[in-house]
Structure formats: C-alpha cells, structure tokens
Amino acid sequence: TIFAALGLKTQVIISERNDPARQSFGKFWDTLRKLTYRFADKVSANSPNAIDSLKAYVSEKKLVLVPNALSAPNAQYLRPYEKKEKSILIVGRLHEQKAHHVLLSAFAQIHKDFKDWKLEIVGDGPLRARLEKQAQDLNISDSVFFEGVTDNPYAYYARASIFVLPSLHEGTPNALLEAMSCGIAPIISDACEGAFPFIDNDKSGIIFPVGDTNALAAALKE
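What follows is about the side chain of Ser 167. Here Ser 167 lies in the loop between strand E7 (162-165) and helix H7 (174-181). By relative accessible area, Ser 167 is classed as buried at 0%. For Ser 167, the side chain forms a polar contact with the side chain of Glu 170, separated by 2.7 Å. The residues contacting Ser 167, other than those within four sequence positions of it, are Gln 97, Lys 98, Ala 99, Ser 189, Ala 191, Cys 192 and Val 210.

To continue, consider the sheet that holds strand E2 (residues 42-45). Taken together, three strands build an open sheet; the order of strands is E1-E2-E3 and the sheet is parallel. On the outer flanks of this sheet lie strand E1 (13-16) and strand E3 (63-65), each paired with one strand and no other. For this sheet, the mean angle separating the axes of adjacent strands, direction not counted, is 25°. Here E1 pairs with E2 via four bridges, running parallel. The residue bridging Ile 13 from the neighbouring strand is Lys 42, located in E2.

Here the focus is a nonpolar patch on the surface. Taken together, the side chains of Phe 25, Phe 28 and Trp 29 define a hydrophobic patch exposed on the protein surface, amounting to about 410 Å² of accessible area. Mapped onto the fold, Phe 25 is located in the loop between E1 and helix H2 (27-36).

The next thing to look at is the pairing of strand E4 (residues 87-91). The side chains of a regular strand alternate between both faces of the sheet. With respect to burial, E4 is a largely interior element, five of its five residues being buried. The alternating pattern of E4 places Ser 87, Leu 89 and Val 91 and Ile 88 and Ile 90 on opposite faces, both of which are buried. Where E4 meets strand E5 (residues 118-122), five bridges bridge the pair, whose relative direction is parallel. Within E5, the position partnered with Leu 89 by the bridge is Glu 120. With helix H4 (residues 100-111) bridging E4 and the parallel E5, this β-α-β connection has right-handed handedness. One ladder, built from two bridges, connects E4 with E7; its direction is parallel.

Rules and cut-offs
- Within each chain, residues carry numbers counting from 1 in the order of the written sequence.
- Given that this is a predicted model, residues contribute local features only at a pLDDT of at least 70 and side-chain atom pairs are listed and counted only at 80 or more, while totals for whole chains, interfaces and linings are drawn from all residues.
- Only hydrogens and water are set aside when side-chain values are computed; all heavy atoms of the structure are taken into account.
- Helix and strand assignments follow DSSP, with helices taken as H or I runs no shorter than four residues and strands as E runs no shorter than two, numbered in order from the N terminus.
- Relative accessibility thresholds used throughout: buried, under 20% of the residue-type maximum; exposed, over 50%; partly exposed, between the two (1.4 Å probe, protein chains only).
- Each polar contact in these results corresponds to two N or O atoms within 3.5 Å; when the atoms are within protein, one needs to be able to donate a hydrogen and the other to accept it, and residues that are neighboring in sequence are counted only if both atoms are side-chain atoms.
- Two residues qualify as a contact provided that any one of their heavy atoms is within 4.5 Å of a heavy atom in the partner residue.
- Note on pairing: two strands pair once DSSP finds at least 2 bridges between them.
- Axis angles are defined between N-to-C directions and span 0 to 180 degrees, where every axis is a line fitted to C-alpha atoms and, for a helix, only to the segment in contact.
- Surface patches are defined over residues having more than 30% relative accessible area and no salt bridge, joining like charges when they lie within 9 Å and nonpolar side chains (Val, Leu, Ile, Met, Phe, Trp, Tyr) when within 5 Å.
- For the accessible areas, the method is Shrake-Rupley and the probe is 1.4 Å, while residue cover comes only from the protein chains on display.
- One speaks of a salt bridge when a side-chain nitrogen belonging to Lys or Arg is within 4 Å of a carboxyl oxygen belonging to Asp or Glu.
- With its strands directed away from the observer, a crossover is right-handed exactly when the path from the first strand over the helix to the second travels clockwise.

Pasting the structure below:
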C-alpha cells in the first residue's frame, strides 16, 4: 500500500495490532515494516508498549495511540461473582502465541485439589490436536472442554469465574477486556504489556511471569 500510494495525494494510515518488538513475521516482513512505516501519514497502535517500539523507526509525531473499543455487555451476561460457575476460561486462537500448554500444565497441578472446577477453551487453531493430547496425557481431559469457535463468547464470560491469558505477547487483548466487563477475575502473563493499564496486580487481577507454570498454578489457587 505504501509503494502504491507513492506520488499520489492519498493519505495512508497504518494500524499496528500488536507489539512489533514482540511479534515477528520473519526477517523479510520485519525489514519491510522498518523501511515503509515511516512513509505513512499516520501509524496507530492499540497499546503504549507498541507505540514505544514503533518510535525506533517512525517519527513520534506520526504515532497515534488508539485503544481498542469495547461495547458494554448485555445485562443478561452480568452475574454476581458468587453466582458464577467454577469455571476457568481462555478465549483465543489455538496458536503458540497464546501459550495454552502453560495453562493446561498449571491446571493439572491444581486439579487434584479442585476437582469440581473445569477449564473451558474457546477458540480453534492448528494446535488443537496437540493440546487435546496434552490434556489426555495430564489426565485432566474429563475437566477440560475444547469448545471451538463461537459467535457469542459472552455466554462463556457470563458463567466463568477466572479468565486466563498466558500469552507470550499481546497488543491490547479484546478477549481480556470483554471478560473483565463481565466481572471475571483475570490472570495474565507479564508479557501481556498491552493489558497492564487495566490490571492492578493483586488488586484487580494477578500478573504472573510468562511461561512459569508453577506461578500460574499458584495464581489459580489464589
């Protein structure tokens, strides 16, 4: 788009949806990003950390922070916390970035002490078969439910008590904002920097070290 617009009066606005310092599409695309973004009229990002990363090759006057929008949930999805189910929820594509394997391992650690709790995994992707096998190998498959893709994640937000985002990196995660709008206690990794403005650690949620299964298990217990 940048090359096509050269010499034209058309303005170009780039919307960066993740932190380019953490999410790589390979050397070719990373190089193109650094070479071309500077020629856009504006470059927006949805998290402060992404804006900071873009400053390395885009003029600060061109950068604009545009947080993700969030619609208020329908009243039917708002339940008092004490009326929610004993359900731990993750919503997102089954991809390495989301680190579902860390959550499965942490859930396995606490499962023997909390057998009346379940883990619901909403979303689909290339890792589904591998994650289902991991759940079987950990002997927790009876309490782990792979729900696939849904048109209405709010039905899950309404009943879940804990929302977990163990991702390796995030921009501003819509699923987390949606979950919190329905009154779910959030647990996120410290690599989800785009979510930091919304969670005060140990007050409005828990932030654990990314990839640390033991720390996530402890957070789930708490």
